[in-house]
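Here's the letter readout for the chains.
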Amino acid sequence: MRVMAQLAMVMNLDKCIGCHTCTVTCKQVWTNRPGLEYVYFNNVETKPGIGYPKRYEDQEQWHGGWTLDRKGRLQLKAGGRLRKLLSIFYNPDLPSIDDYGDPWTYDYQTVIDAPLGTANPSAHSISALTGRDVKVNWGSNFDDDLAGAPELAVDDPNLAGLEDRVRMEFEQVFMFYLPRICEHCLNPSCVASCPSGAMYKRADDGIVLVDQDRCRGWRFCVSGCPYKKVYFNHRTGKAEKCTFCYPRTEQGLPTICSETCVGRLRYLGLFLYDADKVLDAASTPDTQDLYEAQLGVFLDPNNPTVRAEAARAGIPHDWIQAAQRSPVYELAVRHRVALPLHPEYRTLPMVWYIPPLSPVADVVNAAGYDDNPDNVFATIDALRIPIEYLANLFTAGDTEVVRTVLRKLAAVRAIQRAGQLGLDIDEDLPASVGATTDDLDDLYRLLAIAKYEERYVIPSAHTEEAGVLMGQHEQLFCSLDTDGGPGMGGSGPPETGDRRRGFNLLNWNGKDRAPGMFPKAGRT
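For clarity, every value in this text was computed on a predicted model and none was experimentally measured.

Parameters at a glance
Residues numbered from 1 in each chain as written. Predicted model: local features only at pLDDT ≥ 70, side-chain atom pairs only at ≥ 80, totals over all residues. Heavy atoms only, no water. Helix = DSSP H or I, 4+ residues; strand = E, 2+ residues; numbered from the N terminus. Buried < 20%, exposed > 50% of the residue type's maximum accessible area, 1.4 Å probe, protein only. Contact = heavy atoms within 4.5 Å. Areas by Shrake-Rupley, 256 points an atom, 1.4 Å probe, with all protein chains shown as cover. Core = buried A, V, L, I, M, F, W, Y, C linked by side-chain atoms within 4.5 Å. Pairing = 2+ DSSP bridges. Salt bridge = Lys/Arg side-chain N within 4 Å of Asp/Glu carboxyl O. Axes fitted to C-alpha atoms, helices over the stretch in contact; angles between N-to-C directions. Parallel < 35°, antiparallel > 145°, perpendicular 65-115°, else oblique. Nonpolar A, V, L, I, M, F, W, Y, C, P; charged D, E, K, R; others polar. Expected span 1.5 Å × (residues − 1). Polar contact = N/O pair within 3.5 Å; in protein donor to acceptor, adjacent residues only side chain to side chain. Patch = residues over 30% accessible without salt bridge, like charges linked within 9 Å, V, L, I, M, F, W, Y side chains within 5 Å. Phe/Tyr/Trp six-rings, centres within 6.5 Å; stacked < 30°, edge-to-face > 60°. Lys NZ or Arg CZ within 6 Å of the ring centre and 35° of its normal.

**Quick notes on the overall build of the protein chain**
Turning to step 1, where the next piece is worked out: Each helix and strand in the protein chain was counted, giving 22 helices and 15 strands.
Turning to step 2, where the next piece is worked out: Relative to its 524 residues, the protein chain shows a buried fraction of 54%.
Turning to step 3, where the next piece is worked out: In the protein chain, the share of contacts with a sequence separation of at least 24, taken over all contacts with a separation of at least 6, comes to 73%.
Turning to step 4, where the next piece is worked out: When the accessible area of the protein chain is evaluated, it comes to approximately 23400 Å², of which 51% is carbon and sulfur surface.

Next up, the structure:
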């Protein structure tokens, strides 16, 4: 047993309202600078939808993640060293800017400078990359709230095989939101894809980062990530990605997307896991068994043997205590209501999701089951969101796992509703979902009324380990305010013409002129 610690996140999709506050705050903190105009470390997708970049989930096209060879051994889906060597100057598996969408802004300066009396001056769209006029055809949130669903959502890879069940007419279509960040996987294919060794996974907390000094801009990490959460900064020539806000988490603070989440749907905490089991788990032959295999990697932090091994491995005592209070362990392992995103990629992702159940309330009412909370189970298969679709997202197609999760969530609602309305409920209901009454009460507390310190259990980094956390770098600070961005270590190619420079609106006093807020038209 080789015990290691991993910071992880769980998101409750029932609570996401698609406000994109997490996206905006992450953008302002991390990617609000030249070279990353098209980049969103955090984005919120509407499902069904083709995502960002387009159809990123179609690994037959992008060849991201891992697969098994004929002998059952793990290998990158994009191929080994020979294929990389042959394609090192031309990577055929990279999304283009058209797949991400040409980022645009508006020519506000034309409106501001328009002479008094001008009839309806307009601010037309211009490219944030070139400054030239652009006709907007696609963007990161272009299909938000199912906009254009009949033309776009039908290409969602998760709808494969469900064409006869899913209709995109207004009365029949379903919708939910899926926030996405880097998965900070236990078996990251982006790290294995990097020829220069610039991508690395921190041993102390499992966060996956890019060493900007070693990055040579080969971009194999971009194509190797099946979630397409590694990006290329075209100005500095370096790869960048979500950092799990490590300058904040090292101080015991939640990520900026979690801190600002309006729906309070995110949970942060620690997993203790057996690093010796990671390879075997990722090599599980049947993709539908990968969920259980990953659960088998996690260790019980309340087990005295695990705690002793963790201490022997150098994990600080307060980190072990944090693992014992971890909400992500409770939701994913103890209650088993959180599921990994696309386990079939074999990366063992560490951002997990509680599937949405919200439409069940409407179905219960329509079916006339209000008087008997137990009957809520009869409606799960009648939900507008097909279980098969959720299974394609979270369990490699295993519908029974998703059905079990939804039944447990429905049982929590049924018991709480019965208590509020004074209704009788079957005493065997908790046992029918593999839980006790105390378990379901605890799950209700976590999902509905958990306080800040219960949702975010993040141990602070130890100063004596700062050198290790920084990847043996000399600089023990985060250069968030430099022109090159966080950890860039340089300003990149010089700007030309009227090129917009980054400006953080979070620091704006609201009175002075904000540089670059109103870009001029026709710039090159």
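Following the structure, the description resumes.
**What to know about the nonpolar core**
Turning to step 1, where the next piece is worked out: Of all hydrophobic cores here, the largest spans 129 residues; its most connected members are F271, L272, F298, L331, F394 and L406.
Turning to step 2, where the next piece is worked out: Broken down by element, this core gets its largest block of residues, ten residues, from helix α18 (residues 399-421).
Turning to step 3, where the next piece is worked out: Aside from chain neighbours lying at most four places away, what touches F394 is L13, L178, L339, P340, L341, H342, P343, Y353 and P355.

**Considerations on the pairing of strand β10 (residues 230-233)**
Turning to step 1, where the next piece is worked out: Neither face of β10 is open: one carries V230 and F232, the other Y231 and N233, and all of them are buried.
Turning to step 2, where the next piece is worked out: As paired elements, β10 and strand β11 (residues 238-241) share four bridges and run antiparallel to each other. Among the inter-strand pairings, F232 is bridged to a residue of β11, identified as A239.
Turning to step 3, where the next piece is worked out: Connecting the antiparallel pair β10 and β11 is a turn made up of four residues, with G237 showing a positive phi of about 75°.

**Description of the pattern of salt bridges**
Close approach of charged atoms lets side chains of opposite charge pair.
Turning to step 1, where the next piece is worked out: What the rule picks out here adds up to 21 salt bridges.
Turning to step 2, where the next piece is worked out: R83 is paired through a salt bridge with D93; the nearest N and O atoms lie 3.5 Å apart. Of this pair, R83 sits in helix α3 (residues 81-86) while D93 sits in the loop between α3 and α4 (97-100); the two residues are ten residues apart in sequence, bridging distant segments of the chain.
Turning to step 3, where the next piece is worked out: We classify R83 as partly exposed; its relative accessible area is 35%.

**As for the packing of helix α17 (residues 387-394) against α18**
Turning to step 1, where the next piece is worked out: Packing of α17 against α18 leaves a shortest axis separation of 8 Å and a crossing angle of 105°. In this view, α17 runs roughly perpendicular relative to α18, as classed from their interaxial angle. Only T399, V402, R403 and L406 of α18 make contact with α17, whose side of the interface consists of I387, E388, L390 and A391.
Turning to step 2, where the next piece is worked out: For the contact of α17 with α18, the per-class residue count stands at five nonpolar, one polar and two charged.

**Some details on the sheet that holds strand β14 (residues 339-340)**
Turning to step 1, where the next piece is worked out: In spatial order, the strands read β13-β12-β1-β15-β14; together these five strands make up an open sheet with mixed pairing. The two strands at the open ends of the sheet, each matched to only one other strand, are β13 (298-299) and β14.

**Here we look at the environment of K84**
Turning to step 1, where the next piece is worked out: Along the chain, K84 falls in helix α3.
Turning to step 2, where the next piece is worked out: Judged by its relative accessible area of 13%, K84 is buried.
Turning to step 3, where the next piece is worked out: Residues within four places of K84 in sequence aside, it is in contact with L76, G79, S193 and F220.

**Some thoughts on α18**
Turning to step 1, where the next piece is worked out: Its 23 residues place the ends of α18 32 Å apart at the C-alpha level, agreeing with the 33 Å of an ideal helix rising 1.5 Å per residue.
Turning to step 2, where the next piece is worked out: Capping the start of α18, D398 holds a side-chain oxygen 3.2 Å from the backbone nitrogen of E400, two or three residues further along.
Turning to step 3, where the next piece is worked out: Directly after α18, the chain includes G422, whose backbone phi takes a positive value near 70°.

**Side note on a nonpolar patch on the surface**
Turning to step 1, where the next piece is worked out: A grouping of L82, L85 and L86 is seen on the molecular surface, where their side chains present a nonpolar patch of about 380 Å² in accessible area.
Turning to step 2, where the next piece is worked out: Along the chain, L86 falls in helix α3.
Turning to step 3, where the next piece is worked out: The exposed category is assigned to L86, whose relative accessible area is 69%.

**Here's the deal with the pairing of strand β12 (residues 266-274)**
Turning to step 1, where the next piece is worked out: Of all nine residues in β12, nine are buried, a share of seventy percent or more.
Turning to step 2, where the next piece is worked out: Pairing of β12 with β13, which is carried by two bridges, proceeds in the antiparallel orientation. Paired with Y273 across the strands is F298, a residue of β13.

**Remarks on the packing of aromatic side chains**
Each aromatic ring pair is summarised here by two numbers: the centre-to-centre distance and the angle between the ring planes.
Turning to step 1, where the next piece is worked out: For the structure shown, the criterion picks out 17 aromatic pairs.
Turning to step 2, where the next piece is worked out: Relative to Y108, the ring of Y106 has its centre 5.9 Å away and its plane inclined at 65°; by these criteria the two rings are edge-to-face.
Turning to step 3, where the next piece is worked out: You can call Y106 partly exposed: its relative accessible area is 32%.
Turning to step 4, where the next piece is worked out: Three or more aromatic residues joined by ring pairs make a cluster, and in this case those are Y38, Y40, F41, Y52, Y100 and Y231.
Turning to step 5, where the next piece is worked out: The lysine or arginine in question, R180, covers the ring of Y56, its NZ or CZ lying 3.8 Å from the ring centre.
Turning to step 6, where the next piece is worked out: A cation sits over an aromatic face here: R219 above F232, 4.2 Å from the ring centre.

**Digging into unusual backbone geometry**
Most peptide bonds take the trans configuration, and most residues that are not glycine carry a negative phi.
Turning to step 1, where the next piece is worked out: Omega for the peptide link from K47 to P48 comes to 5°, which places this bond in the cis form.
Turning to step 2, where the next piece is worked out: Along the chain, the position of P48 falls in the loop between β2 (43-47) and α2 (59-62).
Turning to step 3, where the next piece is worked out: Of note in the backbone geometry, F244 takes a positive phi value of approximately 55° without being a glycine.
Turning to step 4, where the next piece is worked out: Relative to the elements of secondary structure, F244 occurs in the loop between β11 and α9 (246-249).

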